[in-house]
Amino acid sequence: MEIVEAIKQRKSIRAFKSDLVTKEILKEIMELALRAPSWANTQPWEFAIVTGKKLEEIRQAFVEKMEEDPNPDIPRPREFPEPYDTRRRVVGRKVLELKGISREDREKRKLWLLQGLRLFEAPCVIYIYTDRSFYLQGDRLNIWPIFDCGLIGENIMLLATNYGLGTITQIQAVGYPDVLRKVLGISDSKLIVLGIAIGYPDWDDPVNQLRSEREPLDNVSAWYGFD
Ligand SMILES: Cc1cc2nc3c(=O)[nH]c(=O)nc-3n(C[C@H](O)[C@H](O)[C@H](O)COP(=O)(O)O)c2cc1C
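Not measured: the values here are computed from a predicted model.

A.B. asks: Quick question: what am I supposed to make of the packing of helix 3 (residues 52-64) against helix 8 (residues 177-184) here?
C.D. replies: The interhelical angle for the contact between helix 3 and helix 8, taken along N-to-C directions, is 150°, at an axis separation of 10 Å. The angle between the axes of helix 3 and helix 8 places the two elements in the roughly antiparallel class. Here helix 3 and helix 8 pass one another in a crossing that is right-handed. Here Lys54, Glu57, Ile58, Ala61 and Phe62 of helix 3 lie close against helix 8, whose contacting residues are Val179, Leu180, Val183 and Leu184. Residue composition of the contact of helix 3 with helix 8, grouped by class: seven nonpolar, no polar and two charged.

Below, the structure written as structure tokens:
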């Protein structure tokens, strides 16, 4: 598939079919994704690729923790200054609208949150983690390994479209890292950055109709020396 087509097609999928993704396809995606650039080729990423019983164990444990505040290794933003707050609210509202959930319906909103914790029933998830010692350097944070994890994450998502697969990067997937450490045996010396849920999209679910907006290029760019 052409890269332009893959970029156009990729979007976050929030309802998956139960069809499994083969290890063969996942290996093809991951092998190619490794071509991502990184700071001085440090390649500061490692992966746990999980399906089947292990994934079900994680889903169950996450749901049981639902009442606890999530505590991801890379903290969530404390605040969303404008214009970011408006943008995130718009997408959140559209998701709820497509699911037919009103803002006041706390019960249905809770069930939707639960769906997120269950990775929208995706049959597979790719956790990306990095070395804690590279990120935490005395009183300084070296954010570049996290940046590099983002680059390879996008590679994974674009490559997945080539196989008719859908993906969603989820902070929800890494909200209870103690569970992931226990079930997958990931060491404390690693920081679990994010999870990418992957599977075949359920196109019958209206939530997958969502096409998130983008700020027009003119609003976010300045051009110099072109006249
Ligand atoms: C770091 C990161 C974390 C995200 N976490 C979640 C999440 O926990 N739940 C969710 O529904 N979407 C999550 N998303 C998906 C974003 O909401 C989505 O990428 C954004 O709205 C743009 O839409 P698009 O991916 O369809 O283009 C996350 C995306 C990123 C990059």
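A.B. asks: Quick question: what am I supposed to make of the sheet that holds strand 6 (residues 190-199) here?
C.D. replies: Sheets are built from strands that pair by backbone hydrogen bonding, the pairs being arranged parallel or antiparallel. Here four strands make up an open sheet; going across it, the order is 1-2-6-5 and the pairing antiparallel. The open sheet is flanked by strand 1 (46-51) and strand 5 (166-170), the only strands paired with a single partner. Looking at each pair of strands side by side, their axes are set apart by 25° on average, direction ignored. Contacts from helix 7 (residues 144-161) reach strand 1, strand 2 (124-131), strand 5 and strand 6, with the element oriented near 160° to strand 2.

A.B. asks: For this particular structure, what's the right way to read the side chain of Lys190?
C.D. replies: Within the fold, Lys190 resides in strand 6. Discounting chain neighbours no more than four positions away, the residues touching Lys190 are Glu46, Asp73, Tyr129, Thr130, Asp131, Arg132 and Arg181.

A.B. asks: Any chance you could explain the site of the ligand here in plain terms?
C.D. replies: Inspection of the region around the ligand gives 13 residues, with Arg10, Ser12, Arg14, Ser212 and Arg214 positioned closest. Ser12 is positioned with one of its side-chain polar atoms (N or O) 2.6 Å from an oxygen atom of the ligand. Side-chain polar atom of Ser212 to an oxygen atom of the ligand: 2.9 Å apart, as the coordinates give it. Isolated, the ligand exposes 620 Å² of accessible area, and the fraction of that covered by the protein chains is 66%. Top element by residues in the shell around the ligand is strand 5. It accounts for three residues. Of the residues that constitute the shell around the ligand, the class distribution is four nonpolar, five polar and four charged.

How each quantity is defined
- Residues numbered from 1 in each chain as written.
- Predicted model: local features only at pLDDT ≥ 70, side-chain atom pairs only at ≥ 80, totals over all residues.
- Heavy atoms only, no water.
- Axes fitted to C-alpha atoms, helices over the stretch in contact; angles between N-to-C directions.
- Helix = DSSP H or I, 4+ residues; strand = E, 2+ residues; numbered from the N terminus.
- Parallel < 35°, antiparallel > 145°, perpendicular 65-115°, else oblique.
- Left-handed = near helix turned anticlockwise from the far one by under 90°.
- Contact = heavy atoms within 4.5 Å.
- Nonpolar A, V, L, I, M, F, W, Y, C, P; charged D, E, K, R; others polar.
- Pairing = 2+ DSSP bridges.
- Near = heavy atom within 4 Å.
- Polar contact = N/O pair within 3.5 Å; in protein donor to acceptor, adjacent residues only side chain to side chain.
- Areas by Shrake-Rupley, 256 points an atom, 1.4 Å probe, with all protein chains shown as cover.

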